[in-house]
Amino acid sequence: MSVFGVFKCGNAAELTYYGLHALQHRGQEGCGICTTNGMELYRERGEGLVIEIFNEKKLTQLKGDCAIGHVRYSSAGGGVDNVEPFLFRHHTGDFSIALNGSLVNSNQLQMSLETQGSIFQSSSDAEIIAHLMKMNRIKDKTNAIEEVLTMIEGAYAFLILTKDKLYACRDANGLQPLSIGKRNGGYIVASETCAFEAVGATFVRDVNPGEMVIFEKGADPKSILFADKSSHKMCAMELVYFARPDSEIEGVNVHTFRKNCGKYLARLAPVEADLVMGVPDSSISGAIGYAEESGIPYEIGLIKNKYIGRTFIQPSQELREKGVRLKLSPVRSLITGKRVVLLDDSIVRGTTCKRIVRMLKSAGAKEVHVRICCPPMPHPCFYGVDTSAREELVSARLDVEGVRQMIEADSLFYLPEEYLRKAGNETGLCLACYNGEYPTRLY
Ligand code: 5GP
Ligand code: SF4
Ligand code: MG
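Right, let's walk through the structure included here. (Residues numbered from 1 in each chain as written. Chains lettered and ligands numbered in written order. Predicted model: local features only at pLDDT ≥ 70, side-chain atom pairs only at ≥ 80, totals over all residues. Heavy atoms only, no water.)

### A few points about the overall build of the protein
Each helix and strand counted, the protein has 17 helices and 23 strands in total. On C-alpha atoms alone, the protein measures out to a radius of gyration of 23 Å, which is about the 22 Å that the 2.2 N^0.38 rule sets for 443 residues. Over its C-alpha atoms, taken along the principal directions, the protein stretches across nearly 70 × 45 × 40 Å. Across the 443 residues of the protein, 54% fall into the buried class. For the protein, the computed accessible surface area is about 19,200 Å², with 48% contributed by carbon and sulfur atoms. Taking the average location of the 51 positive side-chain charges in the protein and that of its 53 negative ones, the two points are 3 Å from each other. (Helix = DSSP H or I, 4+ residues; strand = E, 2+ residues; numbered from the N terminus. Rg over C-alpha atoms; globule rule 2.2 N^0.38 Å. Buried < 20%, exposed > 50% of the residue type's maximum accessible area, 1.4 Å probe, protein only. Areas by Shrake-Rupley, 256 points an atom, 1.4 Å probe, with all protein chains shown as cover. Lys, Arg positive; Asp, Glu negative; His and termini not counted. Charge placed at Lys NZ, Arg CZ, Asp CG, Glu CD.)

So, in structure tokens, the structure goes:
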């Protein structure tokens, strides 16, 4: 999931449209934009890609120079009711909200709100935040949001748009990324800095863990530190898998991080081989690093079809058994008879990796040596990132040798945690899915 915000930058809807395009890799299920011209809030949303939901006509209807936008990724709770930004009408002033992340105490909060009379329309935590804002009956919105921030716990980066202000809030551990950029005297806020390039904005700084930044006309952005205790525990999987290589997160370039992971893997787990390749797209940088460090040539041995969308019809069982493969395809002539080092970002259930090893072997690979750019993941994520339940996590059931056998690889090596830290310049990271050390309370 991802958020994007614009404050006082000309045509806000158009900028948000481009910003959301640059963030599309973080969610393809739904998207929306809410704008304001200082008098009204306008909103458009739908299920599908940014390019499917918006057109020029819709963008002209979204008036104003301030906006927030969202792209949604989720297996839980579909339907257009769950597509953000949410827009709330209230006699004290309309407001809109877009959230990236997940609250760990949402069940408790929702139950308490329902007992007090709230009725929910979606399964998104953004709606809980909105209800909390109104339930505490604090008139001033800034104070109301501040109060909410003391009640919610978890991993979040959210934006709230009112007729005259834009609020940007990041959780106390900085689990979710959120950055501020500048453009023509106005401001842009985005989950990833790659969106700044898309709209011609320049990076200013990250929103700090436990910080709320308020953008208001005629004043410099105002910062409120709301958490008693804050720490830098950004989700390591952002660097490993989610983010785009051209983004800088917490001062770390994503491509460089992944390339370093590949270099460490080459040092720690060398192997005699003929070529190195990565699973597109997230493991290409790691493969380049491994190749550079080991001296084994890097090759593009797998091609990813970029045009397989959400509504793509999966091939029938019969066609699958005949080896009809559409998303990933091996470059057979490169692979036949070769010893291959295969870099992949992570193994969750293990099914993807197994499929790829089989694909390479059936394309004639003599050996396939798998190198994973993060440690094994035996612990579930409660922060809305990895939705897998513990039962599905292959590393919760099997040790490394067990996983190697299961994915049918000739060798398997995972990057140890300390090297992941090193690749990230020792910036504080959440590593809970690898080591079980959760930075928040769990309910
Ligand atoms: P699995 O082992 O579950 O079959 O597949 C893991 C692969 O799926 C990873 O290499 C990664 O590229 C991709 N992937 C897709 N969604 C996610 C996610 O939410 N978390 C992680 N860690 N990987 C994901
Ligand atoms: Fe990210 Fe893993 Fe922490 Fe979840 S548990 S926030 S996936 S590092
Ligand atoms: Mg992958």
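### Description of the pattern of salt bridges
For the structure on display, the rule yields 20 salt bridges. When the shortest N-O distance is used, the salt bridge between Glu401 and Arg404 registers 2.9 Å. With Glu401 and Arg404 both in helix α15 (residues 400-407), this residue pair falls 3 residues apart, about one helical turn. The class for Glu401 is partly exposed, based on a relative accessible area of 37%. Note on Arg404: relative accessible area 22%, which makes it partly exposed. (Salt bridge = Lys/Arg side-chain N within 4 Å of Asp/Glu carboxyl O.)

### Quick look at the sheet that holds strand β2 (residues 30-36)
Read across the open sheet, the 7 strands follow the order β3-β2-β4-β1-β10-β9-β11; overall the sheet is antiparallel. The outermost strands of the open sheet, each flanked by one partner alone, are β3 (41-47) and β11 (202-206). Each strand axis lies, on average, 15° off the axis of its neighbour in the sheet, ignoring direction. Where strand β1 (residues 2-7) and strand β10 (residues 186-190) come together, 4 bridges link them in antiparallel fashion. (Pairing = 2+ DSSP bridges. Axes fitted to C-alpha atoms, helices over the stretch in contact; angles between N-to-C directions.)

### So, the packing of aromatic side chains
What characterises a pair of aromatic rings is the spacing of the ring centres plus the angle enclosed by the ring planes. This model, assessed by the stated rule, comprises 11 aromatic pairs. Seen in terms of ring centroids, Phe88 and Phe95 are 5.3 Å apart; in terms of plane orientation they differ by 25°. Their pairing is stacked. Where Tyr241 meets Phe242, the ring centres are 5.0 Å apart and the plane angle is 70°; that geometry is what we call edge-to-face. Given a relative accessible area of 41%, Tyr241 falls into the partly exposed group. When its relative accessible area of 17% is taken as the criterion, Phe242 is described as buried. An aromatic cluster of at least three residues, connected via ring pairs, comprises Phe7, Tyr187 and Phe215. For the cation-ring pair, Lys8 lies above Phe7, with the distance from its terminal atom to the ring centre recorded as 6.0 Å. (Phe/Tyr/Trp six-rings, centres within 6.5 Å; stacked < 30°, edge-to-face > 60°. Lys NZ or Arg CZ within 6 Å of the ring centre and 35° of its normal.)

### Concerning the state of the cysteines
The full count for this structure, using the stated rule, is 0 disulfides. A disulfide-free cysteine, Cys169 has its sulfur positioned 16 Å from the sulfur of Cys66, the nearest such atom. With a relative accessible area of 0%, Cys169 lands in the buried category. The cysteine Cys261 is free of any disulfide, with Cys373 supplying the nearest cysteine sulfur at 5.7 Å. Look at Cys261 and you get buried, because its relative accessible area is 1%. (Disulfide = S-S within 2.5 Å.)

### Concerning helix α5 (residues 125-135)
Of all 11 residues that make up α5, 9 are buried, and the element is covered over most of its length. Along α5, the residues classified as buried are Asp125, Ala126, Glu127, Ile128, Ile129, Ala130, His131, Leu132 and Met133. Here the buried face of α5 lies against β5 (86-88), β6 (95-103), α4 (106-115), α6 (141-149) and β7 (154-161). Just beyond α5, the residue with positive phi is Arg137, at close to 55°. (Contact = heavy atoms within 4.5 Å.)

### Points about α15
If you check which residues of α15 are buried, you get Gly402, Val403 and Ile407. Along the axis of α15, the buried positions cluster into a sector of 125°, meaning they face one direction only. Residues of α15 that are buried in the fold lie against α13 (351-362), β21 (367-372), α14 (394-397) and β22 (411-414). Looking at the residues trailing α15, positive phi occurs at Glu408, about 60°. (Arc of directions from axis to C-beta.)

### A look at the nonpolar core
Within the largest apolar cluster, 72 residues are counted, with the highest numbers of intra-cluster contacts made by Leu342, Leu360, Val370, Leu420 and Tyr434. Element by element, the count of residues in this core is highest for helix α9 (residues 254-268), at 6 residues. Non-local contacts of Tyr434, meaning those with residues more than four positions away in its chain, are made with Ala236, Met237, Val240, Cys374, Pro375, Pro376, Met377, Pro378, His379 and Leu420. Leu113, Met212, Ile224 and Phe226 belong to the second-largest nonpolar core, a separate cluster that totals 28 residues. (Core = buried A, V, L, I, M, F, W, Y, C linked by side-chain atoms within 4.5 Å.)

### A closer look at empty space enclosed by the protein
Counting across every chain of the model gives 4 cavities of 30 Å³ or more. In this structure, the largest cavity is lined by Met1, Arg26, Tyr73, Asn100, Gly101, Gln176, Cys235, Glu238, Phe242, Tyr383, Gly384 and Val385. Elements supplying a minimum of two residues to the lining of the largest cavity: β6 and α8 (236-242). The class makeup of the residues in the lining of the largest cavity is 6 nonpolar, 4 polar and 2 charged. Considered as a void within the structure, the second largest cavity measures approximately 100 Å³ in volume. The wall of the second largest cavity is formed by 11 residues, among which Cys235, Cys381, Tyr383, Cys430 and Cys433 lie closest to the centre. Elements supplying a minimum of two residues to the lining of the second largest cavity: α8 and α17 (432-435). (1 Å grid on protein atoms, 1.4 Å probe; cavity = no way out; pocket = protein on both sides within 12 Å on 5 of 7 lines; lining within 4 Å. Points joined across faces, edges and corners; volume = space filled by probe spheres on them. Nonpolar A, V, L, I, M, F, W, Y, C, P; charged D, E, K, R; others polar.)

### Re the environment of Ala219
With respect to the helices, strands and loops of the structure, Ala219 is situated in the loop between β12 (211-216) and β13 (222-225). With 63 residues separating them along the chain, Ala219 and Ser282 place their C-alpha atoms 40 Å apart.

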